[in-house]
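So you can see what is in the structure, the chains are spelled out below.
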Amino acid sequence: MKQVGIFGKRKSGKSALMYALTRHKVKATFKAMEISGVTKVMLVDTVGVDVEGSTAEESAQSVSVALMLICNDSFEMELAWISKLRKAGSSVIVVISMADLFDDGGAALAAAVEEVSGLKALCVSAETGAGVVELDEEINRRLA
Ligand SMILES: Nc1nc2c(ncn2[C@@H]2O[C@H](COP(=O)(O)OP(=O)(O)O)[C@@H](O)[C@H]2O)c(=O)[nH]1
Ligand SMILES: [Mg+2]
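Note that the structure is a prediction, hence the values are computed from the model and not measured. (Residues numbered from 1 in each chain as written. Chains lettered and ligands numbered in written order. Predicted model: local features only at pLDDT ≥ 70, side-chain atom pairs only at ≥ 80, totals over all residues. Heavy atoms only, no water.)

This brings us to the environment of S74. You can see S74 is positioned in the loop between β3 (65-70) and α3 (76-87). As a C-alpha pair, S74 and A99 span 25 residues in sequence and 15 Å in three-dimensional space. (Helix = DSSP H or I, 4+ residues; strand = E, 2+ residues; numbered from the N terminus.)

Structure below.
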């Protein structure tokens, strides 16, 4: 089974995002009556990448798709993890998490990340649900 890993610092919203994605998946699945869709992918929540000896290290070796959460403008550690994840063969999706906390919905932070990494970031809020559908679609594209 393919795995989708959720990476980010402690308190970056990893667990909340996992629940938001799961809720969306289950709802969408019941709507489409595609029960099989539920088991196709395994979502993996990880301990913070800022935790010494983190299990995120192991997960980084086994995920097909990695969500790298960034929630503020100190994201050097996250950039290093993006390189690490890509080297391990994962397709990395950069997520500006807790996007509802930004006046601009995370747009400026997404632009700053894109400027230094060349990667487009998706702004998502587990709280309001903004961007969850788009993120799910992007995950599905990467898994295809
Ligand atoms: N406003 C807001 N708060 C969030 C969001 N996601 C998580 N939080 C809050 O941020 C804190 C850390 O979230 P959590 O998912 O446990 O982070 P984790 O340590 O990365 O798993 C909790 O108090 C959450 O309620 C979000 O999208 N918006
Ligand atoms: Mg957590």
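Turning our eyes to something else, we now look at unusual backbone geometry. Phi is positive for K11, close to 65°, though the residue is something other than glycine. Its place among the elements puts K11 in the loop between β1 (2-7) and α1 (14-32). Phi at M98 takes a positive value of approximately 55°, unusual for a residue other than glycine. Among the secondary structure elements, M98 is positioned in the loop between β4 (91-96) and α4 (107-117).

The next subject is the site of ligand 1. Near ligand 1 you find 14 residues, and of these K11, K14, A16, D100 and A126 are the closest. Here S12 contributes a backbone N or O atom positioned 3.1 Å from an oxygen atom of ligand 1. Take A126: an N or O atom from its main chain is 2.9 Å from an oxygen atom of ligand 1. In isolation ligand 1 offers 580 Å² of accessible surface; the protein chains occlude 70% of this area. (Near = heavy atom within 4 Å. Polar contact = N/O pair within 3.5 Å; in protein donor to acceptor, adjacent residues only side chain to side chain. Areas by Shrake-Rupley, 256 points an atom, 1.4 Å probe, with all protein chains shown as cover.)

What follows deals with the nonpolar core. One finds F7, M68, W81 and L85 to be the most contacted residues of the largest nonpolar core, which totals 20 residues. In this view, L85 contacts F7, A60, A66, M68, S90 and V92; residues no more than four positions away in its chain are not counted. By size, the runner-up hydrophobic cluster in this structure holds 16 residues, among which are I6, L21, L135 and L143. (Core = buried A, V, L, I, M, F, W, Y, C linked by side-chain atoms within 4.5 Å. Buried < 20%, exposed > 50% of the residue type's maximum accessible area, 1.4 Å probe, protein only. Contact = heavy atoms within 4.5 Å.)

What follows covers the side chain of E138. Following the sequence through the fold, E138 ends up in helix α5 (residues 132-143). Among the polar contacts listed, one links the side chain of E138 to the side chain of R142, at a separation of 2.7 Å. In contact with E138, other than residues within four places in its own chain, are I93 and L122.

Bringing the environment of S125 into the picture now. Relative to the elements of secondary structure, S125 occurs in the loop between β5 (121-123) and α5. Sequence spacing of S125 and A20 is 105 residues, and the spatial spacing of their C-alpha atoms is 8.7 Å. Engagement of the side chain of S125 in a polar contact is seen with the backbone nitrogen of T128, the distance being 2.9 Å.

Below, the discussion takes up the pairing of β4. Counting buried residues along β4, 5 of its 6 residues qualify, which places the element largely inside the surrounding structure. Bridge count for β3 against β4 is 6 bridges, and the pairing is parallel. Bridge pairing links L67 to I93 in β4. In this view, the connection linking β3 to its parallel neighbour β4 by way of α3 has right-handed handedness. Summarising the sheet, β4 and β5 pair through 3 bridges and their orientation is parallel. Paired with V95 across the strands is L122, a residue of β5. One crossover worth recording links β4 to the parallel β5 by way of α4, and it is right-handed. (Pairing = 2+ DSSP bridges. Right-handed = clockwise from strand over helix to strand, strands pointing away.)

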